[in-house]
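As a plain string of letters, each chain reads:
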Amino acid sequence: MLPLAANAAARALIEPAPPTSIERRPLRLGVIDLSFHQACAGVVAQVLTRGGVAHEWHAATHERIFLMLARGEVDLVVSAWLPGSHGHFARDQAPALIRLGRLYQPYALWGVPDYVPADAVSTVGDLRREEVAARMVKRIQGIGPGAGISRFSREIIETYRLDESGYEFVNGSLDDCVQAFESAVAERRWVVVPLWRPQFLHARHAIRELREPQGLLRGVDDATLLLRREARALIPDEVLATLAGMSLGNDAVTAMDDQIGRERQPVMAVAQAWLQANEGQLDGWALNGRRALARIG
């Protein structure tokens, strides 16, 4: 008797290879590797599972996910913040992509704990005031370099010449950013956090947003699913319509992010619980999505 490996090799010589058309493979989800993106991706995955759509989960940094999208290594990105934070990643790929849904409306911000007096610090420019700079933590701890907030923060440092007052922006992990902020808060130090909404810190801390009149934070984006047109055949029309009409909202994403990012609950358990508690929204998503897809064609 031939060993198993030899049997497999022999069969490969006489049996035709299985079809490799796009319809026979799983949909590949590209998930930006931050907990609030995971929360949204969990709900997307639940919708796909309910619709019988086989799928795989691929998590990576901002830069890597959009590179994978361009190379066809992932089919559906959860999610792109357009047009501000991630528009530069997706711009050249636009003809090959379909935009689905508006999951929530995120925006980048610079904030301070609410115990920092508003009459002392209410705008980014106030950080240069001598009496403010004397008290403020000078190291502004960010996340990865591919995030919009990281790019915007470097522009703010340069445009407002905050480096002349001793400030520096540094990249790191989300844990680095959270720990730096919460360590400062525990000691009631004055600190700037480069952040965004939705994000789990807002569920546990009162953070006052600083005004930035030059528009360097880019305003409010739409958190959008990006689907490669060639992968549309992997998703049945009704499931595609549900995704096209999907809307979670900032508060829901913040709450799920707190469960996942802070309480370390499993992504799929959190997403499943949210979807079960919001069953009534699915029909509305599908209805709105069918209208949206009719416009896309």
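The structure this text deals with has already been given above.
No experiment lies behind these values; they were computed from the predicted model shown.

*Asks:* Quick rundown of the overall build of the protein chain? Include the residues and the values.
*Replies:* For the protein chain, the count of helices and strands is 11 helices and 10 strands. Here the protein chain, with 297 residues, has 51% of them falling under the buried criterion. If you sum the accessible surface of the protein chain, you get close to 13,900 Å²; carbon and sulfur atoms cover 51% of it.

*Asks:* Give me the lowdown on the sheet that holds strand E9 (residues 207-209), citing residues and values where you can.
*Replies:* Working definition: the strands of a sheet are paired by backbone hydrogen bonds and lie parallel or antiparallel to each other. If you walk across this open sheet you meet the three strands as E8-E5-E9, and the pairing is antiparallel. Both outer strands of the open sheet, strand E8 (193-197) and E9, are each paired with one neighbouring strand and no more. Each strand axis lies, on average, 55° off the axis of its neighbour in the sheet, ignoring direction. Taken together, the five bridges between strand E5 (residues 107-113) and E8 define a ladder with antiparallel strand orientation. Residue pairing for E8: Gly 111 is matched across the bridge by Val 193. Lying on the sheet, helix H7 (residues 174-186) is in contact with E5, E8 and E9; it crosses E8 at an angle near 115°.

*Asks:* So what's going on with H7? Residues and values would help.
*Replies:* Here H7 contains 13 residues, and its C-alpha end-to-end distance of 18 Å stays within 8% of the 18 Å for a straight helix at 1.5 Å per residue. The complete set of buried residues in H7 reads Leu 174, Cys 177, Val 178, Phe 181, Ala 184 and Val 185. Taken down its axis, H7 places every buried residue within 140° of arc, on the same side. Residues of H7 that are exposed and point more than 90 degrees away from the buried face comprise Gln 179 and Ala 186. Those residues of H7 that are buried are in contact with helix H2 (35-50), E5, strand E6 (139-141), E8, E9 and helix H9 (250-262).

About the cut-offs
Residues numbered from 1 in each chain as written. Predicted model: local features only at pLDDT ≥ 70, side-chain atom pairs only at ≥ 80, totals over all residues. Heavy atoms only, no water. Helix = DSSP H or I, 4+ residues; strand = E, 2+ residues; numbered from the N terminus. Buried < 20%, exposed > 50% of the residue type's maximum accessible area, 1.4 Å probe, protein only. Areas by Shrake-Rupley, 256 points an atom, 1.4 Å probe, with all protein chains shown as cover. Pairing = 2+ DSSP bridges. Axes fitted to C-alpha atoms, helices over the stretch in contact; angles between N-to-C directions. Contact = heavy atoms within 4.5 Å. Expected span 1.5 Å × (residues − 1). Arc of directions from axis to C-beta.

Geometric descriptors of this kind do not, in isolation, establish any biological role.
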